[in-house]
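# Topology and contacts: notes
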Amino acid sequence: MKKQVVEFASGNEMAVMAIRQIGYDLMGYYPITPSTQIAENLDRLQADADTDLIMIAAEGEHSAAGICYGASVGGGRVINATSANGLMYAIEQFPVQSGTRYPMVMNVVCRTISGPLSIKGDHSDIMFLLNAGWPILFAHSAQEVYDFNIIALKLAEAVRLPVAVAYDGFFTSHQKRRCMRFEQDCAVKDFLGEKKEEYPFFDLEHPITVGSYMNEPDLINNRYQLHLAMREADRLLPALFEEYGDLSGRYYGKVESYAGEDAHELLVLLGSSYETAMEAVDGLRAKGKKCGAATLHVLRPFPEKELADVCRGAKVVLAADRQDSYGAGGGNLSLELRAALHKFKSRVRVKTLIYGLGGKDFFVEDAVKMFRWAAKRDTADFAYYGVTGQKSCRASEKGEEDISGIQTAAEDQGNFFAPLTARRTKLGLTRAEKDEEGKVKVSVGSLNETTAMPKRIAPGHGACPGCGIPVNLNLLLRAIEDPVVLVFQTGCGMIVTTSYPRTSFKVPYLHNLFQNGAATLSGLAEMCYRKQKKGEIPPGDIVFIMVSGDGGMDIGMGSALGTALRGHRLILFEYDNGGYMNTGYQLSYSTPKGARSATSHVGKAQYGKSFFHKDMPQIMAATGIPYVATVAESDSADFMKKAAKAALYAKTTGTAYVKALSACPLNWNDKPATERKVIEAAVDCCYFPLYEVEQGITTLSYDPSANGKKIQVADWLAMMGRTRHLQKEIYEDVVSQLQAEVDRRFAVLKAKTDNPVL
């Protein structure tokens, strides 16, 4: 055994310790709760020069998986981490990696798959990986997360397959436990050995082609080789577990059983629930009840014989699934358990309960109830446990409560409110129209007059004090008197306004995921126009608006560009708060260079974000859409005029894009009461210039130099805690680079304003 030290740490933290000790070459990643802490903590180590891991922040999980695949082909040791819809977004990449036989390790911190949106832990994500050709280890404790990360890489390189390490989101990932880790990194490195490449990609004397086009019989041969590799993984795992046990003193098997030898009722489940089940077994055993529990450490290759052997002596095996394979009479665990018992000719009765979805807590009392239900002969073989409004352990077939995630805003329904229809928003204060030459003329009532516009968003949201999202949304909507339909991408704006079963919206509202909001809105808008044309719904102007922020124009940029290029009649509105705020502030591509975030720490080897902020308005202008504008709450009159103009183009011509700089006092680390001044300073230093691009013609709305208000970028940076460190002399070059880039971009805007051809 090698010497070890005690750590009081969570599963995510133990994963980071293993990753650092292994000495990986590269990590491609994208933040998604609850796996984000892995990238955050690794970035902190990188900033402090405690790891030389290359970390590449992708604009989405699909690209993160591609980055990892490329680095794996290049011969590196590669790590990734994801959860839920992030795994789903990247899923087409995973069979590519296994099919071409390039090893890596990915931590899957299990979480509910949307929709409706939930960030809590269940197993609906990991089960989608079962057919991807990846061996999957499942850890039920923080200690196992550490151990399995080390074992996984040795397995991956032995069989040339990528391996996933799965564990429960929040229950295992965030709860701290007493754990052990190797004191010396060399203990881990010696266990793994040097990586060997059978076909080095960079051997230019012997070039190879990876991922070539295949038909029969080659493809079936490829799949057969993948099958053989998985069988080899099944054969090697016991020896790997034994070797690691000799090193650490912790021995694992494919299946773990607790008091299962003589159990009449055996509860089989995955993840952190296993430890709760063991407590229930102790309590029931003390009362003379012969109960037992079992869990799997390996999902792929599925340990059918080992599981069948554990279950063979029980009278009833109860499979508790934290996901459902809808319509199959159980989740994937119970279905494969039934198949294994049938294969090995076991006559034991199997029952299935679906439990714990959406992170619903699982207590010892719940496990006790499950055991009691399993022991009853007259109960069904399949049911949901813990359904609202239903008796426990009863299939909810009649009188089922509507929990579909659809919410309505109607009069006289408790705290709900009357919907905002055109008759309530047509105030006659805003007028946007084209003259004979096709130029748009806009008039908007005074700021005080426009306060009469009823708010489409109720005051009952949960945004932080000083948050710019509701401010910017209300300014945008204040100038639009037509009925509006809103589509929100995932983000703070969505989360704080739609906590079930209430909604803050008095207008039709739809949520879809980060990467697909614009495409979703384009489909919704086109269906409306079709129904109006066919006379199925009343005619009349409706302004369709997508609301995005919190990095949504990174992962969702492709969808937005596609929508713009197609020219759908709608508004894409971005509230740019300069980071992935709803996941705890990781860097986005719009974060200022040098800014501190949870994935751009400041330390002796790192000064914050290392590259310039993305110029999304210019990217959108390059698509040729009829209207692009930037707005700021510090100039509300300009904001509303541009909003009215965008609405006119969205009704009559095509796609309009409007971007607002949106304050986030929590993560910008400044005071809520000063945010308007902070936004104004961003405009005055030209970091966020106010302008519009109308029918290809650029016009500056405001030039701070013209009225003596121009300030340096450093003055704006000093107003926020996230960038205040840049005042130090050591970071003078970073500030100079940012100032030069801001000046260059503003000079380009001025040149375009002066020359309509540009």
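Please refer to the structure placed before this passage.
The following paragraphs examine the structure supplied in this document. (Residues numbered from 1 in each chain as written. Predicted model: local features only at pLDDT ≥ 70, side-chain atom pairs only at ≥ 80, totals over all residues. Heavy atoms only, no water.)

## A short note on the sheet that holds strand β3 (residues 54-57)
Read from one edge of the open sheet, seven strands run β3-β2-β4-β5-β7-β6-β12, paired in mixed fashion. What marks the edges here is a single partner per strand, and that holds for β3 and β12 (298-300). Each strand of the sheet is rotated relative to its neighbour by a mean of 20°, with strand direction disregarded. Pairing between strand β2 (residues 26-29) and β3: four bridges, direction parallel. Within β3, the position partnered with Gly28 by the bridge is Ile56. (Pairing = 2+ DSSP bridges. Helix = DSSP H or I, 4+ residues; strand = E, 2+ residues; numbered from the N terminus. Axes fitted to C-alpha atoms, helices over the stretch in contact; angles between N-to-C directions.)

## Details of the packing of aromatic side chains
Summed over the entire model, instances satisfying the criterion amount to 19 aromatic pairs. Considering the side-chain rings of Phe148 and Phe241, the 6.2 Å spacing of their centres and the 40° angle between planes classify their relative orientation as tilted. Separated by 93 residues along the polypeptide, Phe148 in helix α6 (residues 142-159) and Phe241 in helix α8 (residues 218-248) bring together distant segments of the chain. We classify Phe241 as buried; its relative accessible area is 2%. An aromatic cluster is present here, built from Tyr146, Phe182, Phe191 and Tyr244 joined pairwise through their rings. Between Lys351 and the ring centre of Trp373, over which it is positioned, the NZ or CZ distance is 5.1 Å. Positioned over the ring face of Phe612 is Lys593, at 4.5 Å from the centre of the ring. (Phe/Tyr/Trp six-rings, centres within 6.5 Å; stacked < 30°, edge-to-face > 60°. Buried < 20%, exposed > 50% of the residue type's maximum accessible area, 1.4 Å probe, protein only. Lys NZ or Arg CZ within 6 Å of the ring centre and 35° of its normal.)

## Comments concerning the pattern of salt bridges
The full count for this structure, using the stated rule, is 31 salt bridges. Arg300 serves as the salt-bridge partner of Glu336, at 2.7 Å between the closest nitrogen and oxygen. With a gap of 36 residues between them, Glu336 in helix α11 (residues 332-343) and Arg300 in strand β12 connect regions that are remote in the sequence. Among the salt bridges present, the one from Arg312 reaches Asp309, with a minimum N-O distance of 3.3 Å. Taken together, the shared-partner salt bridges in this structure form one network comprising Lys426, Asp482, Asp541 and Lys651. (Salt bridge = Lys/Arg side-chain N within 4 Å of Asp/Glu carboxyl O.)

## Notes on the packing of helix α1 (residues 11-22) against α6
Direction vectors running N to C along α1 and α6 enclose 30°, while the axes themselves pass 8 Å from each other. The angle between α1 and α6 falls in the class roughly parallel. Handedness of the α1/α6 crossing: right-handed. Contacts from Gly11, Met14, Ala15, Met17, Ala18, Gln21 and Ile22 of α1 reach α6 at Ala142, Val145, Tyr146, Asn149, Ile150 and Leu153. Grouping the constituent residues of the contact of α1 with α6 by class yields 10 nonpolar, three polar and no charged. (Parallel < 35°, antiparallel > 145°, perpendicular 65-115°, else oblique. Left-handed = near helix turned anticlockwise from the far one by under 90°. Contact = heavy atoms within 4.5 Å. Nonpolar A, V, L, I, M, F, W, Y, C, P; charged D, E, K, R; others polar.)

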